[in-house]
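Summary of the model geometry
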Amino acid sequence: SRRGNIQALNIMALEKILGVLEGVAGHHNRNPEFYYVTIFGEPSVERPWGWRIEGHHLSLNYFVVEGRHVAPTPSFFGANPAKVPEGPMSGFRTLPEEEDLARHLLTSLDEKQRRQAVFSPDAPDDIVTRWYPSIRNMEEPVGIPLEEMTEEDQKPLMMDLIREYLTRMPPDVADLRMNAIEKEGLKYIHFAWAGSGEPGQPHYYRLHGPGFLVEYDNTQNNANHIHTVWRDLQDDWGEDLLRRHYAQSHHNR
């Protein structure tokens, strides 16, 4: 989406800032042009094909079948520094809403709800799914389900947080993903938090629904280094989409 494009460009631009913060060694290794585009197959409205953009703190993977079926995951956005500590861009935050909306949701929970949501006093040092090519065997959801949140403020906050990640995608793709999430059952989506609830301290959260997983982690570099990822439990890399395509194609022969 246009908004996602702006975020991606801001992530790339952080490379120059990070190089300065790291000193001479980092200055020579950080380059906002060190991002690569890969095309898989030949773009077509008839045959499957895909594309990827890959580089530091940015990994977008799209798989397309018949020009209209799209698998847009895994989708990874990160930021280092999450908040620029000094210089002309001091105070600038690349992924602010991803933290602020989740923290707002956390603080809105009452004591009982918070005991459900916070599954560990310590945040993991990175996203739990790491670089794993498949998360089909992901553990059962932890945290508090949306159905146990209040109608007037908590549920809308939860949906705003989900949309924050979806709106990185092109609008038509985001709409399809939201439709799928709604069909799977919004009430089953869980919000889970680990680590401190105080700004500036290490923290982690996840959104876990029947068909998707979002992870957010901010623990490294004195909790000023964000990793976020959107994963599909069945269709990362277009695996399930491709399987259905070939099954249908074979059936029609």
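Everything that follows concerns the structure shown earlier in this document.
Here is a short report on the structure shown in this document. The structure presented is a predicted model; accordingly, all values stated were derived computationally and were not measured.

**Points about the side chain of His-57**
Inspection of the secondary structure puts His-57 in the loop between strand S2 (49-55) and strand S3 (58-65). Dropping the residues within four chain positions of it, His-57 is found in contact with Ile-11, Phe-76, Phe-77, Gly-78, Ala-79, Asn-80, His-225, Ile-226 and His-227.

**Points about the environment of Leu-233**
Checked against the element boundaries, Leu-233 lands in the loop between strand S11 (226-232) and helix H8 (239-252). Sequence separation between Leu-233 and Leu-95 is 138 residues, and the spatial gap between their C-alpha atoms is 24 Å. Filtering out sequence-adjacent residues up to four positions away, Leu-233 remains in contact with Ile-135, Arg-136, Met-138, His-208, Gly-209, Pro-210, Gly-211, Phe-212 and Leu-213.

**As for the nonpolar core**
Among the nonpolar cores identified, the biggest contains 44 residues, and Met-158, Ile-162, Phe-191, Tyr-205, Leu-207 and Trp-230 are the most heavily contacted of them. At seven residues, helix H5 (residues 154-166) tops the list of elements feeding residues into this core.

**Here we look at the environment of Leu-166**
Mapped onto the secondary structure, Leu-166 falls in helix H5. Leu-166 sits in the buried class, given a relative accessible area of 3%. Taking C-alpha positions, Leu-166 is 21 Å from Trp-131, a pair spaced 35 residues apart along the chain. The residues touching Leu-166, leaving out its near neighbours within four places in the chain, are Ala-174, Arg-177, Met-178, Ile-181 and Trp-230.

**A closer look at unusual backbone geometry**
Omega for the peptide link from Thr-73 to Pro-74 comes to 5°, which places this bond in the cis form. Mapped onto the elements, Pro-74 comes out in the loop between strand S4 (69-71) and strand S5 (75-79). Cis rather than trans, the peptide bond between Asn-80 and Pro-81 has omega equal to 0°. Along the chain, the position of Pro-81 falls in the loop between S5 and helix H3 (96-108). You will see that Asn-222, though not glycine, has its phi angle at about 60°, which is positive. The class of Asn-222 is exposed, set by a relative accessible area of 74%.

**Some words on the packing of aromatic side chains**
Taken as a whole and judged by the stated rule, the model has eight aromatic pairs. Aromatic pair Phe-119 and Tyr-204: ring centres 6.1 Å apart, planes at 80°, arrangement edge-to-face. Highlighted residues: Phe-119 in strand S6 (residues 118-120) and Tyr-204 in strand S9 (residues 203-208), separated in sequence by 85 residues. Owing to a relative accessible area of 35%, Phe-119 belongs among the partly exposed residues under this scheme. Seen in terms of ring centroids, Phe-212 and Trp-230 are 4.9 Å apart; in terms of plane orientation they differ by 15°. Their pairing is stacked.

**Here's the deal with the pattern of salt bridges**
All told, the structure shown has 18 salt bridges when counted by the stated rule. Its salt-bridge partner being Arg-68, residue Glu-66 comes within 3.2 Å of it at the nearest N-O pair. Owing to a relative accessible area of 26%, Glu-66 belongs among the partly exposed residues under this scheme. Between Arg-136 and Glu-239 there is a salt bridge whose closest N-O contact spans 3.7 Å. In this pair, Arg-136 is assigned in the loop between S6 and strand S7 (144-145) and Glu-239 in helix H8, connecting sequence segments 103 residues apart. Of the residues examined, Arg-136 reaches a relative accessible area of 31% and is grouped as partly exposed. Residues joined in a network through salt bridges with shared partners are Arg-93, Glu-99, Asp-100 and Arg-103.

**Overview of the side chain of Gln-154**
If you trace the backbone, Gln-154 turns up in helix H5. Polar contacts involving the side chain of Gln-154 include one to the main-chain carbonyl oxygen of Ser-108, which spans 2.9 Å. Within the structure, the side chain of Gln-154 is placed 2.9 Å from the side chain of Gln-113, a separation counted as a polar contact. Here Gln-154 is in contact with Leu-105, Ser-108, Leu-109, Gln-113 and Met-149, once residues within four sequence places are set aside.

**Observations regarding the packing of H3 against H5**
At a closest axis distance of 10 Å, the pairing of H3 and H5 adopts a crossing angle of 160°. Considering the angle they form, H3 stands roughly antiparallel to H5. In terms of crossing hand, the pair formed by H3 and H5 is left-handed. On H5, the residues touching Glu-97, Glu-98, Leu-101, Ala-102, His-104, Leu-105 and Ser-108 of H3 are Gln-154, Leu-157, Met-158, Asp-160, Leu-161, Glu-164 and Tyr-165. In the contact of H3 with H5, the residues fall into seven nonpolar, three polar and four charged.

Quick notes on the rules
Residues numbered from 1 in each chain as written. Predicted model: local features only at pLDDT ≥ 70, side-chain atom pairs only at ≥ 80, totals over all residues. Heavy atoms only, no water. Helix = DSSP H or I, 4+ residues; strand = E, 2+ residues; numbered from the N terminus. Contact = heavy atoms within 4.5 Å. Core = buried A, V, L, I, M, F, W, Y, C linked by side-chain atoms within 4.5 Å. Buried < 20%, exposed > 50% of the residue type's maximum accessible area, 1.4 Å probe, protein only. Phe/Tyr/Trp six-rings, centres within 6.5 Å; stacked < 30°, edge-to-face > 60°. Salt bridge = Lys/Arg side-chain N within 4 Å of Asp/Glu carboxyl O. Polar contact = N/O pair within 3.5 Å; in protein donor to acceptor, adjacent residues only side chain to side chain. Axes fitted to C-alpha atoms, helices over the stretch in contact; angles between N-to-C directions. Parallel < 35°, antiparallel > 145°, perpendicular 65-115°, else oblique. Left-handed = near helix turned anticlockwise from the far one by under 90°. Nonpolar A, V, L, I, M, F, W, Y, C, P; charged D, E, K, R; others polar.

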